[in-house]
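Here are the chains, one letter per residue:
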Amino acid sequence: MALAIRAALALGKGEPLAIEDIELDSPERGEVLVRVVASGLCETDIMVRDEWFPVPLPAVLGHEGAGIVEAVGPGVRRVSPGDHVVLAYSTCGRCDPCRRRKAPYCDRMLERNLACRRLDGTTGYRRAGAPIGGHFFGQSSFASHTLVDERSVVVVPRDAPLEILGPLACGVQTGAGAVLYGLRPSARSSIAVFGAGLIGLSAVLAAGVVGCSPIVVVDPNPNRRELALACGATQAVDAATEDVVDAVRELSSGGVDYSVETTGNAEVLRSAVDVTAPFGVCGVIGPAPVGTETVLDVNMLLFGRSVRGIIGGDVDPQRCVPKLVALHQQGRFPFDRLLRHYTFDEINTAVADIAVGDVMKPVIHLAGGQPPAPRL
């Protein structure tokens, strides 16, 4: 039996998202019906709306949801109605990366998350009776209710604030997980983070949890540098006016043990490698256009330095999200400083704000009522 829901639809390239009443099927085998409380808005959603990727439109987008399970389909064992959950991307659970708990590298990541259809080509979303795209990143969370792959739901404590938790499974996990699970620095290790956006600042917060020192942030934006210091960075370098490599080396007694590159800029990547000390590791998180190349000094690498790519925090959301929730509840991971809240009807305002860089991470409230006031 179809459920009448309210959803924001991406109708065509560059068009505003349209909030409409549509129909949602009952959950099929392995699926969960979730009432969405709130969802983060990611730049990826905007890129898909603008047809940077071959995703069929119209479609319900959104991939940083959090909500409450209302029903489960046949065969579902991981969750039950009433569970509070964060929604993550879809993975197969059977390939080698999935078996090694390296879910972001799933062999079927693209087809499971960008096709806006189930693997059999069907969709549980309809508009005026006609099938439309859904199942985006396993969830399509820009909707009052949505169908989610069982493997995509992460159960969280019922006393955790669902209205802020959605971004943990995407942007926040990407930055924080890269530090906690990808690079794994020890206490008192030095680290430099290039780029003070959501991912970079999530990495800064995680470095603070570990006890890294110094924690140096590099960014040309003075407001973002100030926010980085508020998030636990010990020093901030102005990429617009300073010699970044010299400045970071001076602040870290010759070079850092770890660096994190979040910008996707080839020249910035070169600097992120050059600031590392012998045996240092540069973690590359920022995506770049296909074909982007960089030039590195081979002799720098010969002294034990290494460069490694990291996707999605290098960790399964089932492992990382509960840890980040626990750290937040302990007051040790205040990622909510990076959020700005919007009602569902304000979703296009949020799209405009993130497009011009006025907001770090918009969170869209689907459940109605007044969202919490921004902390910063």
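Structural notes, computed from the coordinates. (Residues numbered from 1 in each chain as written. Predicted model: local features only at pLDDT ≥ 70, side-chain atom pairs only at ≥ 80, totals over all residues. Heavy atoms only, no water.)

### Brief notes about the overall build of the protein
Part 1: Scanning the protein from terminus to terminus reveals twelve helices and 18 strands.
Part 2: In terms of overall dimensions, the protein is globule-like: its C-alpha atoms have a radius of gyration of 21 Å, near the 21 Å expected for 376 residues.
Part 3: Each principal axis of the C-alpha distribution contributes one length, and for the protein these read about 65 × 45 × 40 Å.
Part 4: Burial status across the protein gives 56% buried among its 376 residues.
Part 5: Relative to all contacts within the protein whose residues are 6 or more apart in sequence, the contacts with residues 24 or more apart total 68%.
Part 6: Summed over all atoms, the accessible surface of the protein reaches about 15,500 Å², with 51% contributed by carbon and sulfur.
Part 7: Here the protein carries 35 positive and 42 negative side-chain charges, and the mean point of each set is 8 Å from the other. (Helix = DSSP H or I, 4+ residues; strand = E, 2+ residues; numbered from the N terminus. Rg over C-alpha atoms; globule rule 2.2 N^0.38 Å. Buried < 20%, exposed > 50% of the residue type's maximum accessible area, 1.4 Å probe, protein only. Contact = heavy atoms within 4.5 Å. Areas by Shrake-Rupley, 256 points an atom, 1.4 Å probe, with all protein chains shown as cover. Lys, Arg positive; Asp, Glu negative; His and termini not counted. Charge placed at Lys NZ, Arg CZ, Asp CG, Glu CD.)

### Thoughts on the pairing of strand β17 (residues 339-343)
The side chains of a regular strand alternate, first on one face of the sheet and then on the other.
Part 1: Of the pairings in the sheet, the one linking β17 to strand β18 (residues 361-365) comprises five bridges and is parallel in character. Residue pairing across strands places Arg340 opposite Pro362, the latter belonging to β18.
Part 2: Between the parallel elements β17 and β18, the chain passes through helix α12 (residues 347-355) in a crossover that is right-handed. (Pairing = 2+ DSSP bridges. Right-handed = clockwise from strand over helix to strand, strands pointing away.)

### As for the sheet that holds strand β12 (residues 215-219)
Part 1: Taken in spatial order, the six strands line up as β13-β12-β11-β14-β15-β16 in an open sheet, and their pairing is parallel. Every interior strand has two partners, whereas the edge strands, β13 (235-238) and β16 (306-309), have only one. The mean inter-strand angle of the sheet, taken between neighbouring strand axes irrespective of direction, is 20 degrees.
Part 2: Note that strand β11 (residues 191-194) and β12 share four bridges and pair parallel. Residue pairing across strands places Phe194 opposite Val218, the latter belonging to β12. (Axes fitted to C-alpha atoms, helices over the stretch in contact; angles between N-to-C directions.)

### Section: unusual backbone geometry
Part 1: That bond from Leu57 to Pro58 is cis: its omega, 5 degrees, falls within 30 degrees of zero.
Part 2: You can see Pro58 is positioned in the loop between α1 (43-49) and β4 (59-60).
Part 3: Cis geometry marks the peptide bond from Ser213 to Pro214, where omega comes out at -5 degrees.
Part 4: Turning to its location among the elements, Pro214 is positioned in the loop between α6 (198-210) and β12.
Part 5: Positive phi outside glycine occurs at Glu51, with the angle close to 65 degrees.
Part 6: Relative to the helices and strands, Glu51 resides in the loop between α1 and β4.
Part 7: Non-glycine residue Phe137 carries a positive phi angle of around 50 degrees.
Part 8: Among the structural elements, Phe137 can be located in the loop between β8 (130-131) and β9 (145-149).
Part 9: Among the residues examined, Phe137 registers a relative accessible area of 17% and is labelled buried.

### Details of the packing of aromatic side chains
Part 1: By the definition in use, this model includes two aromatic pairs.
Part 2: With centroids separated by 4.9 Å and ring planes inclined at 75 degrees, the aromatic side chains of Phe136 and Phe137 adopt a geometry described as edge-to-face.
Part 3: The exposure class of Phe136 is buried, given its relative accessible area of 0%. (Phe/Tyr/Trp six-rings, centres within 6.5 Å; stacked < 30°, edge-to-face > 60°.)

### Quick look at the environment of Thr123
Part 1: Here Thr123 lies in the loop between α3 (109-114) and β7 (125-127).
Part 2: Relative accessible area serves as the criterion here: at 11%, Thr123 is assigned to the buried category.
Part 3: On a C-alpha basis, the gap between Thr123 and Leu3 in space is 14 Å, while along the polypeptide they are 120 residues apart.
Part 4: Apart from residues no more than four positions distant in its own chain, Thr123 is found in contact with Asp25, Arg117, Arg118, Pro131, Ile132, Gly133, Gly134 and His135.
Part 5: A distance of 3.2 Å separates a polar atom in the side chain of Thr123 from the backbone nitrogen of Tyr125.
Part 6: Here the side chain of Thr123 touches Ile132 through a polar contact of 2.8 Å, landing on its backbone oxygen. (Polar contact = N/O pair within 3.5 Å; in protein donor to acceptor, adjacent residues only side chain to side chain.)

In short, shape yes, function no, at least from these values alone.
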